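Survey of secondary and tertiary structure
Below are the chains, spelled out letter by letter.
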Amino acid sequence: TIPASPSPPLALSVAMHLMPWDADDVYVIIPSAVYAGNRFQSFKIPYSPRIPAHLAKPECPIVINDVPRLSRGDQSSHNVPSRLQILARDSSCPAVGIFSRRMKVAWLIWIKDHQVSGLGEFGIEVTEEPNGTGKVRFSIPGIRESMMYWQTAIDKSSNDKGISLSHESLVTIRVSAVRFAADKISDVWERLWAIRGTMCDDVQPNRQTQMSLSAAAEIIEKKFNLENWNEELGLYSSAVVSTDHKFYFQSGWTGSMMVTLPLALNCVEPRTRQRAIQNVRTFLTQAVIPSSKLFHGRLAADLKKWTHDYTFDARPGTEHFQRLTLVRRQVDCLYFLLRQLSLFRIALGFCAPESWTIVLREACDALVSTWKRCGQLGFFLDAETGDVAIGNSASASLFPAALVHAAELFDDPGYWNLSLTVAEKLHQTFIDDLGLTCGGPGDALMCADSESAYYLLESLVCIAEKGKSAGLSQHVIKLWVEKARQVAALFATWVVSYDFRFPPESVFGKTEMKTNGTVWANVQNKHSSVGVCTNSGSALLRLFRLTEDERYLTLLSDITSALAQFVSREDRLLYSFDGYANPSGWVNERVNLSDWDPPGPGGIIHESSWCEVTILLSALEIPGIYVDSTNSVVYCLDVVQVTSSSFRRHDGMCTIECSILNPSKFPALVRIMIESREQRRLPLEDGYFLRLEKVSIPAGGEITLHRALPVSNTNS
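Let me begin by describing the structure that accompanies this report.

What counts as what
Residues numbered from 1 in each chain as written. Predicted model: local features only at pLDDT ≥ 70, side-chain atom pairs only at ≥ 80, totals over all residues. Heavy atoms only, no water. Helix = DSSP H or I, 4+ residues; strand = E, 2+ residues; numbered from the N terminus. Contact = heavy atoms within 4.5 Å. Areas by Shrake-Rupley, 256 points an atom, 1.4 Å probe, with all protein chains shown as cover. Lys, Arg positive; Asp, Glu negative; His and termini not counted. Charge placed at Lys NZ, Arg CZ, Asp CG, Glu CD. Core = buried A, V, L, I, M, F, W, Y, C linked by side-chain atoms within 4.5 Å. Buried < 20%, exposed > 50% of the residue type's maximum accessible area, 1.4 Å probe, protein only. Pairing = 2+ DSSP bridges. Axes fitted to C-alpha atoms, helices over the stretch in contact; angles between N-to-C directions. Salt bridge = Lys/Arg side-chain N within 4 Å of Asp/Glu carboxyl O. Disulfide = S-S within 2.5 Å. Expected span 1.5 Å × (residues − 1). Polar contact = N/O pair within 3.5 Å; in protein donor to acceptor, adjacent residues only side chain to side chain. Parallel < 35°, antiparallel > 145°, perpendicular 65-115°, else oblique. Left-handed = near helix turned anticlockwise from the far one by under 90°. Nonpolar A, V, L, I, M, F, W, Y, C, P; charged D, E, K, R; others polar.

Here we look at the overall build of the chain
- For the chain, the count of helices and strands is 15 helices and 30 strands.
- Principal axes of the C-alpha set define a box for the chain whose edges measure 80 × 65 × 55 Å.
- When contacts within the chain are restricted to residue pairs at least 6 apart in sequence, long-range pairs at least 24 apart make up 71% of them.
- Put simply, the chain shows about 25800 Å² of open surface, and 51% of that area lies on carbon and sulfur atoms.
- The positive charge centre, built from 69 side chains, and the negative charge centre, built from 77, are 1 Å apart in the chain.

Some remarks on the nonpolar core
- In terms of nonpolar packing, the biggest core is built from 194 residues, with I51, F283, F399 and L457 touching the most fellow members.
- It is helix 5 (residues 327–348) that provides the largest number of residues to this core, a total of eleven residues.
- Apart from residues no more than four positions distant in its own chain, I51 is found in contact with A56, C60, V63, H320, F321, F379, I390, L445 and M446.
- With 28 residues, the next largest nonpolar core counts L12, L84, L119 and V136 among its residues.

Notes on the sheet that holds strand 29 (residues 693–697)
- With mixed pairing, the four strands of this open sheet are ordered in space as 25-24-28-29. At either margin of the open sheet sits one strand with a lone partner, and together these are strand 25 (633–636) and strand 29. For this sheet the average axis-to-axis angle between neighbouring strands, irrespective of direction, equals 25°.
- Of the strand pairs in this sheet, strand 28 (residues 668–675) and strand 29 are connected by five bridges, and their pairing is antiparallel.

Quick word on the pattern of salt bridges
- Tallied over the full model, the rule gives 37 salt bridges.
- The salt bridge partner of R339 is D686, with a shortest N-O separation of 2.8 Å. You can see R339 sitting in helix 5 and its partner D686 sitting in the loop between helix 15 (677–680) and strand 29, a full 347 residues away along the chain.
- Looking at R339, the relative accessible area reads 4%, which means it is buried.
- Between K665 and D571 there is a salt bridge, with its nearest N and O atoms 3.1 Å apart. On the criterion of sequence distance, the pair formed by K665 in the loop between strand 27 (653–661) and strand 28 and D571 in the loop between helix 13 (551–561) and strand 22 (574–575) is long-range, its members being 94 residues apart.
- Look at K665 and you get partly exposed, because its relative accessible area is 44%.
- Overlapping salt bridges, with partners in common, bring together R89, R144, D160 and D595 in one network.

Topic: the state of the cysteines
- Enumeration according to the criterion identifies zero disulfides in this entry.
- Residue C611 stays outside any disulfide, its sulfur separated by 7.3 Å from that of C533, the closest cysteine.
- Among the cysteines around C636, which has no disulfide bond, C658 carries the closest sulfur, lying 8.8 Å off.
- A residue is classified by how much of its surface remains accessible, and C636, at 21% relative accessible area, is partly exposed.

So, the pairing of strand 9 (residues 134–140)
- Across the seven residues of strand 9, six count as buried, placing the element largely inside the fold.
- Relative to strand 9, strand 1 (residues 12–18) runs antiparallel, the two sharing seven bridges. Paired with M16 across the two strands is V136, which belongs to strand 9.
- Two elements, strand 8 (residues 123–128) and strand 9, share six bridges in a ladder whose sense is antiparallel. Residue pairing for strand 9: I124 is matched across the bridge by F138.

A word on helix 8 (residues 413–434)
- Over its 22 residues, helix 8 extends 31 Å from the first C-alpha to the last, a length consistent with the 32 Å expected when each residue adds 1.5 Å.
- Listing the buried residues of helix 8 in full gives Y415, W416, L418, S419, L420, V422, A423, L426, H427, F430 and I431.
- Where the residues of helix 8 are buried, they touch helix 1 (186–196), helix 6 (354–374), helix 7 (399–409), helix 9 (450–466) and helix 10 (474–492).
- For helix 8, the side-chain oxygen to backbone nitrogen distance between the N-cap and G414 is 2.9 Å, and the N-cap itself is D412.
- G435, located one to two residues past helix 8, shows a positive phi value of around 80°.

Some details on the packing of helix 6 against helix 7
- Two elements in contact, helix 6 and helix 7, have axes separated by 11 Å at closest approach and are oriented at 130°. Between helix 6 and helix 7, the angle falls in the class oblique. Read as a crossing pair, helix 6 and helix 7 show a hand that is left-handed. Only F399, L403 and A406 of helix 7 make contact with helix 6, whose side of the interface consists of C364, L367 and V368.
- Class assignment for the residues of the contact of helix 6 with helix 7 results in six nonpolar, no polar and no charged.

Examining helix 6
- The first and last C-alpha atoms of helix 6 sit 30 Å apart over 21 residues, in line with the 30 Å expected at 1.5 Å per residue.
- Along helix 6, the positions that sit buried rather than exposed are W356, V359, L360, A363, C364, A366, L367, V368, T370 and W371.
- Looking at the buried side of helix 6, the elements it contacts are helix 4 (270–286), helix 5, strand 18 (380–382), strand 19 (388–390), helix 7 and helix 8.
- Backbone geometry just downstream of helix 6 places G375 in the positive-phi region, at approximately 75°.

A look at the side chain of S568
- Looking at the element boundaries, S568 is found in the loop between helix 13 and strand 22.
- Among the polar contacts listed, one links the side chain of S568 to the backbone nitrogen of L574, at a separation of 3.0 Å.
- Look past the residues within four positions of S568 in its chain and what remains in contact with it is I219, L573, L574, N582, P583, S584, G585 and W586.

Side note on the environment of V136
- Here V136 is to be found in strand 9.
- V136 sits in the buried class, given a relative accessible area of 1%.
- Note: C-alpha distance between V136 and I98 (38 residues apart in sequence) is 9.9 Å.
- Not counting chain neighbours up to four residues away, the residues in contact with V136 comprise V14, A15, M16, V96, I98, I109 and E125.

Read these as layout, nothing more, since geometry by itself doesn't imply function.
Right, dumping it as structure tokens:
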């Protein structure tokens, strides 16, 4: 209770003290902000940072930027505490998880109703005292003392202020805590998932900002043909950057050689398919590095030659990066191009020239050779030799999935066998031992990130799906499924669990954007983003089929139903923080909850991004409605709503009737997937989405779906 007389500026807090606390023992997580306490070697390097030259080696330690973190090593020998301070909005879920490896016990502490106090933004603080005590504090308002994180360093004066209460007040801070037995780090992620659903108010998507994935994809396809296509080069650019609209191409990671999959298989205009195939042709015939058989990372600014990833970077101290290529970039290209060769044949009847197959096999073999020589793919390779230049990251998280596809396309079980080895090592190193994945993005050093976590999930699900046909026992397949479940729980910590209340004057405040289901990028770049970088999230659907655990469909629904609102449209252009209109079809990657950079909360920059590719992939690969005919449940994975449903079984038939409402002002073309439990026990082959029924629902309209299917075979 605050006294009636005016108070000086103050902050109210609730703290929990934990003993014994050993910095070498405890694992600390604040979802999307802190993993393993962020206790790694750190530097202050401006964006976009590069690993320092003296650490650029295969045995490179984990290196991060100057992000909020706890100190490295045991604090008992020091006289000063180790402390990190952030605001609740810096986290996808305002909670702190702690795991003691020695005691096999964990704590989870979280704030309830963290946006409704009326007294400002909550703060989260973790402190390690020299006497072996740990302290978790939640304060209102949150105050980052002295300095705050700004872009890539804690070097900006904090503007946080306390509050002065001038009348008698009762302030309630609702904090929950639970202590539980835990054998491993992933047990903490699972408990975090259990509270995730309690963080979001029961709100419906805003009708004015939403549209179906099909409508969003059509707008983005039009934009790609208008602004991204270069007829002379035979390429789609990766993005449209700033006001100069220069052609910009970088392979993998942010969309190039990935976007050609949905543009070819889910296009409205016939010319889009032709251009997508031409893009693949151009890349596979021009972008191969002769000495290593890897792929060039970029097209030079003059558009006349292919070059390595970082030759554009002329900053002092980056000379050692001139020959390097991001591992994730190479693996992305391999994985998506292997799939495209197969799916183009299945869906389009297009048989790729033998030369394309040779290029992909040589690229695959080059990475296999590196793994066998070095025992890892690391973070960056020497683009000319294929040797590991900077190691010790999970940048190769998608490599096992690529190997699974290579084994099928090239009919070579050697690739399958290696996929198991690579996946096992990645899981052991980064999930079991470190409790994070890193190396997904090429612009955040080795800060923990969501991208490599999702791609490791994709690899593990791919292995579990193919295990039976590859001869794995049911017991071994279950072990791979369990690994996938652990990684899914880690990935879930990156997904925003509530709808942030943007400042009313911000562009997202004015358009009532919803943040539940957006995905934080990484610990350094402190913003959430529009979907998974760069994927549809289909591994969550497939993991549901393997486990019957509906949490995976719920998480996927959160992610996919949040996507389309962020597309700038002719009827509702989105403006950057400095006043530029983002044209129709542009999607900026920033979903800023934090105040880490100039746009601030609810602000965006004038730039299109990889998120457009994510939306295109989602529109292709994710059914808008999933019907579980065995359990009589309907899941909406798009913005359409099922207003009523019925399931009747008689004489071996299952009659399904669903009323489907399209609440938006745009037509919706929705894929319907109907499965029984028996169907889910069968492998889901790549390209399943091409066989799904599509139904058209007019803007603001409602239709009734009526299907009568055999009970034993309800897969449409």
